[in-house]
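Spelled out, the chains give:
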Amino acid sequence: MHAKIVALPGDGIGPEVVVEAERVLQLVAGKFGHTFAIERFPMGGCAIDSHGDPLPEHTLAACKQADAVLLGAVGGPKWDDPKAKTRPEVGLLKIRKELGLFANLRPIKTYQPLLDSSPLKREIVEGVDILFFRELTGGLYFGESGRRPHPSGEQAYSTMIYSTEEIARIVRLSCQAAMKRRKKLTMVDKANVLEVSRLWRQVSQEIVSKEFPELTYDVVLVDSMAMHLLSRPRDFDVVVTENMFGDILTDEGSMLTGSLGMLPSASLGTPGPGLYEPIHGSAPDIAGKGIANPLATILAGAMLLRHSLNLEEEARCIEAAVDRILIEGFRTKDIARGGASLSTNQMGDKVIEVIKG
Ligand code: NAD
């Protein structure tokens, strides 16, 4: 296969971690007989500096023509001035909108050798492997909102709004993913209170029963889910939910692993390229020191292979290499718990050594 990948290293530690993911992707391409053309473009604070725009036109055009986009992170104190004409995050929101990225995928997986990094007890987090699908372009964050006069001062309102189509497309994606995993799907809503949730329940029930009858499917109320995630997270496989519930639950879920530097994410909008990135930010406190953990970005590369290029075996090869180096005890500073640690580049080297075999 020949694939065109756009890399957007961004700011802070972004370029440091993206370069490691690029090396790993190129190695995997060679090993499995593919060619990947990876081209870099400016985005975020660095693009404001060079082009006056956090998402320059030529960057956006390249992303639209690519098979997939790999992003580092954007932002930092240099561009934090609230009076500035534009901000790095504006680029992030714009690229999501322009690429129609309606599904945010966040795997929450704990690694045996890192179980003690979690704030929760080992026996609770051991073996957790959840794939969250959060709807990304609808719901409360995008519905009509405003303020109006009220006898007590003002009244503010935000509207949660979803159409059948918006629900169906993400539920379908989550079902397809569940079929490739443990064939288990959980839909999270608040159907005892919200009409919007009742539509989610109706649409997903219909899709599962008509198109994916082999799935084990259940629905859980969002307030219960917040508790179950901390008490019995192992019971969940693929979880699908609307935008705000997903925003909150995925952040709660990320704490199960306790290590920000390990978690990748993907945003998909079919058809068109997906966007893959670590969930962490630009970490200005450690930028330039060469100590950032590159594994989240390397794992985002594995997601890119799986979801945009349909290269499952190649994705697993990267994930297995990450598992192996952790088992062998290699750590960057953030996960070393005071023990010996490797630099960003050395950690990338370890993954590469394992893949080379
Ligand atoms: P952050 O994720 O950048 O950092 C939080 C803490 O985790 C820091 O102590 C950092 O050193 C550490 N950390 C993060 N990633 C790490 C890694 N790979 N290896 C080792 N340690 C790591 O969050 P923040 O400090 O709240 O935000 C910093 C900047 O990043 C802000 O400008 C914010 O707006 C931006 N941000 C960008 C994105 C994105 O690009 N998608 C996401 C979140 C935050």
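The coordinates are above.
A brief structural summary. From a predicted model like this one, the values you see are computed outputs, not experimental measurements.

## Some remarks on the site of the ligand
Reasoning step 1: Taken together, 20 residues lie around the ligand, and Val 74, Gly 281, Ala 283, Asp 285 and Asn 293 are the ones closest in.
Reasoning step 2: At 2.9 Å from an oxygen atom of the ligand is found a main-chain nitrogen or oxygen belonging to Val 74.
Reasoning step 3: At 2.7 Å, a backbone N or O of Gly 281 approaches an oxygen atom of the ligand.
Reasoning step 4: Burial of the ligand by the protein amounts to 68% of the accessible area it has alone, namely 810 Å².
Reasoning step 5: For the shell around the ligand, the per-class residue count stands at nine nonpolar, seven polar and four charged.

## What about the pairing of strand 2 (residues 35-40)?
Reasoning step 1: Across six bridges, the pairing between strand 1 (residues 2-10) and strand 2 is parallel. Paired with Lys 4 across the strands is Ala 37, a residue of strand 2.
Reasoning step 2: Chirality of the crossover, the property in question, places the unit of strand 1, helix 1 (residues 14-32) and strand 2 among those that are right-handed.

## Some details on the packing of aromatic side chains
Reasoning step 1: A complete count under the given rule lists one aromatic pair for this structure.
Reasoning step 2: With centroids separated by 5.2 Å and ring planes inclined at 85°, the aromatic side chains of Tyr 162 and Trp 200 adopt a geometry described as edge-to-face. Linking Tyr 162 in the loop between strand 7 (153-158) and helix 6 (164-179) with Trp 200 in helix 7 (residues 195-211), this pair joins segments that are 38 residues apart in sequence. Both residues of the pair, Tyr 162 and Trp 200, count as buried.
Reasoning step 3: Over the ring of Phe 102 we find Arg 169, and its NZ or CZ is 4.2 Å from the ring centre.

What counts, and at which threshold
Residues numbered from 1 in each chain as written. Predicted model: local features only at pLDDT ≥ 70, side-chain atom pairs only at ≥ 80, totals over all residues. Heavy atoms only, no water. Near = heavy atom within 4 Å. Polar contact = N/O pair within 3.5 Å; in protein donor to acceptor, adjacent residues only side chain to side chain. Areas by Shrake-Rupley, 256 points an atom, 1.4 Å probe, with all protein chains shown as cover. Nonpolar A, V, L, I, M, F, W, Y, C, P; charged D, E, K, R; others polar. Pairing = 2+ DSSP bridges. Helix = DSSP H or I, 4+ residues; strand = E, 2+ residues; numbered from the N terminus. Right-handed = clockwise from strand over helix to strand, strands pointing away. Phe/Tyr/Trp six-rings, centres within 6.5 Å; stacked < 30°, edge-to-face > 60°. Buried < 20%, exposed > 50% of the residue type's maximum accessible area, 1.4 Å probe, protein only. Lys NZ or Arg CZ within 6 Å of the ring centre and 35° of its normal.

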